[in-house]
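Each chain, written out:
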Amino acid sequence: MRFKPSYAPGPTDVRENVRLALAKKTNNTDFDKEFIQYYHEVCQKMGKVMGTTNEVLLLAGEGILALEAACASLTEPGDRVLVLDNGIYGEGFKDFVRMYGGEPVVLSFDYQKSIPVEEVRDFLEKDHDFKYATFVHCDTPTAILNDVSQLSPLLKEYGILTVVDSVAGMVGEPIDVDKNQIDICCGGTQKAISAPVGLAIVSISDDAKKSMNNRKTPIASYYANLQIFNGYIEKGTLPYTMPASTVEALEVALDNILNEGQKAVYDRHAKIAQAVRKSVQDYGLSLFVESGASNTVTAVIIPSEIGALRLQNHIQETYNLYIATSLAQYEDVILRIGHMGENAFTDKVLSVLTVIDNGLRDLGFEGKGNLGQLFLDALREEN
Ligand SMILES: *Cc1c(COP(=O)(O)O)cnc(C)c1O
């Protein structure tokens, strides 16, 4: 099957050297000591990119598995869990907490702004009896970025473990797991890492391990139980068969990032994102985010007389390109321009903006200039 080209905030483009790694011959990965050593080394390389010396595990599954595994492994029946909500994924954590018997306390904020740290502080002063708290680094459907460097240490001050969904943040935005004291940091291969879909990433702090070890009840899952990996190196066996080719592909993608330099990767994302945001506004459209826009994705409000879904459909039919709208209540309101990982390059962003410009014009929107050109102008101004 040949798929239509797509341009979305994940899965992102996968570079050729990463795709080629998928074609390598593999062997029996469950018991081969060499593979287990290799798996461990890739986990450590992943940790290096995330800024942590904590244990990192690659789980066979997609990013969502990381979120579920964090909640499954920490939650015991009756545990109070603070769910910080300023986006669709942020709110969604409450379902995982509840599924494993916990009692989510959802603290909701304006979806167009980053989580206000001072309001969280005020709340915690009154109530901090939580086993752990969850929040999202970049909440992709609305393109909002939360300040991990403030939120996570604040929660730790109150002895609350932190679970952070950085699936769509890490690599595009600094995550610095150790510096920011994140207990369980969740990632996925298919966003800014630009590896194939298929592995969920978790880093696990000693505090999180202690909490799991002190459970009074068993973890109510096998696949989402982070403890099934305990001692895998000494035992010389992994709990289930790893997709070895995907692990190899991830390693190549991580090497691509490390070879470019992490600071250079962050700068590339920042430059592209800033130019996208400026060009969209110069063109006459509004951003969904009022403050705290992520450098990995931009959410653009599509005027209701056009509608994001109609624009998406039109572009698919006329220009053979799949572009992303949003989810839930924002599905017909927001168009998302993903510029993370391999998609955060000028040529790719220019071509998608040119298609969006054409699509909008076809549907009667009078943009102020040419969106692609405005993007190039904005990039030039940055230099
Ligand atoms: C993509 C993403 C995930 C993983 O979920 P998908 O099934 O790929 O949508 C989790 N959290 C966030 C914030 C994401 O952007």
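Residues numbered from 1 in each chain as written. Predicted model: local features only at pLDDT ≥ 70, side-chain atom pairs only at ≥ 80, totals over all residues. Heavy atoms only, no water.

A.B. asks: Whenever I open this one, the overall build of the protein confuses me. Can you help?
C.D. replies: Helix and strand counts for the protein come out as 13 helices and 14 strands. Principal axes of the C-alpha set define a box for the protein whose edges measure 60 × 55 × 35 Å. If you take every contact in the protein between residues at least 6 apart in sequence, the share linking residues at least 24 apart comes to 74%. Only carbon and sulfur atoms are counted for the fraction: they give 49% of the accessible area of the protein, which is about 15600 Å². The centroid of the 35 positive side-chain charges in the protein is displaced by 3 Å from the centroid of its 52 negative side-chain charges. (Helix = DSSP H or I, 4+ residues; strand = E, 2+ residues; numbered from the N terminus. Contact = heavy atoms within 4.5 Å. Areas by Shrake-Rupley, 256 points an atom, 1.4 Å probe, with all protein chains shown as cover. Lys, Arg positive; Asp, Glu negative; His and termini not counted. Charge placed at Lys NZ, Arg CZ, Asp CG, Glu CD.)

A.B. asks: What is the right way to look at the environment of Phe96 in this model?
C.D. replies: Note on placement: Phe96 falls in helix 4 (residues 88–99). Put simply, Phe96 and Asn180 are 84 residues apart on the chain and 24 Å apart in space, counted from C-alpha to C-alpha. Dropping the residues within four chain positions of it, Phe96 is found in contact with Ile64, Leu67, Glu68 and Cys71.

A.B. asks: Would you mind going over the pattern of salt bridges with me for this structure?
C.D. replies: If charged atoms from side chains of opposite charge come close, those side chains can pair. If you walk through the whole model with that rule in mind, you get 25 salt bridges. The partner of Lys131 in a salt bridge is Glu76, with the nearest N and O atoms 3.7 Å apart. In this pair, Lys131 is assigned in the loop between helix 5 (117–126) and strand 5 (132–136) and Glu76 in the loop between helix 3 (63–74) and strand 3 (80–85), connecting sequence segments 55 residues apart. Asp183 is the salt-bridge partner of Lys156, the closest N and O atoms lying 3.0 Å from each other. Here Lys156, found in helix 6 (residues 148–157), pairs with Asp183, found in the loop between strand 8 (161–165) and strand 9 (184–188); they are 27 residues apart in sequence, far enough to count as distant. By relative accessible area, which is 2% here, Asp183 ends up buried. Members of the salt-bridge network, linked through shared partners, are Lys156, Asp183, Asp207 and Lys210. (Salt bridge = Lys/Arg side-chain N within 4 Å of Asp/Glu carboxyl O. Buried < 20%, exposed > 50% of the residue type's maximum accessible area, 1.4 Å probe, protein only.)

A.B. asks: So what exactly am I meant to see when it comes to the site of the ligand here?
C.D. replies: Every residue near the ligand is listed here: Glu62, Ile64, Tyr89, Val136, Cys138, Thr140, Asp165, Val167, Ala168, Gln190 and Lys191. Contact distances for the ligand include 2.8 Å between an oxygen atom and a side-chain N or O atom of Tyr89. For the ligand, an oxygen atom lies 3.0 Å from a polar atom in the side chain of Gln190. Against a free-state accessible area of 370 Å², the protein chains account for coverage of 82% of the ligand. The site holding the ligand turns out to be the second largest pocket. Here the shell around the ligand is composed, by residue class, of six nonpolar, two polar and three charged. (Near = heavy atom within 4 Å. Polar contact = N/O pair within 3.5 Å; in protein donor to acceptor, adjacent residues only side chain to side chain. 1 Å grid on protein atoms, 1.4 Å probe; cavity = no way out; pocket = protein on both sides within 12 Å on 5 of 7 lines; lining within 4 Å. Sits in = over half its atoms within 2 Å of the grid points. Nonpolar A, V, L, I, M, F, W, Y, C, P; charged D, E, K, R; others polar.)

A.B. asks: When you look at the UniProt feature "modified residue: N6-(pyridoxal phosphate)lysine" (unreviewed entry) in the protein in this model, what are you seeing that I'm missing?
C.D. replies: Cross-referencing UniProt, the feature "modified residue: N6-(pyridoxal phosphate)lysine" (unreviewed entry) maps to Lys191 in the present numbering. Along the chain, the position of Lys191 falls in the loop between strand 9 and strand 10 (199–204). Classification of Lys191 by relative accessible area gives buried; the value is 10%. Filtering out sequence-adjacent residues up to four positions away, Lys191 remains in contact with Pro9, Gly10, Thr12, Val167, Ala168 and Met340. (UniProt positions renumbered as here; feature names shortened; annotations may be inferred.)

A.B. asks: Would you mind showing me how to read the layout of surface pockets here?
C.D. replies: One water molecule sets the probe size; rolling that probe over the atoms shows where empty space is left. In this structure, the largest pocket occupies an estimated 400 Å³ of space. Surrounding the largest pocket, 17 residues form its lining, Phe3, Lys4, Pro5, Ser6 and Asp13 being those nearest its centre. Here the lining of the largest pocket is composed, by residue class, of ten nonpolar, four polar and three charged. There is about 260 Å³ of room inside the second largest pocket. Residue lining of the second largest pocket: 22 residues in total, with Pro9, Glu62, Tyr89, Thr140 and Lys191 positioned closest to the centre. For the lining of the second largest pocket, the secondary-structure elements that each account for two or more residues are helix 3 and strand 13 (322–325). Top contributing element to the lining of the second largest pocket by residue count: helix 3, with three residues. Here the residues of the lining of the second largest pocket sort into 14 nonpolar, four polar and four charged. (Points joined across faces, edges and corners; volume = space filled by probe spheres on them.)

A.B. asks: Would you explain the pairing of strand 9 in this entry?
C.D. replies: Here is the key point about a regular strand: its side chains alternate between the two faces of the sheet. Of all five residues in strand 9, five are buried, a share of seventy percent or more. Of the two faces of strand 9, the one lined by Ile184, Cys186 and Gly188 and the one lined by Cys185 and Gly187 are each fully buried. Pairing of strand 8 with strand 9, which is carried by three bridges, proceeds in the parallel orientation. What sits directly across from Val163, in strand 9, is Ile184. (Pairing = 2+ DSSP bridges.)

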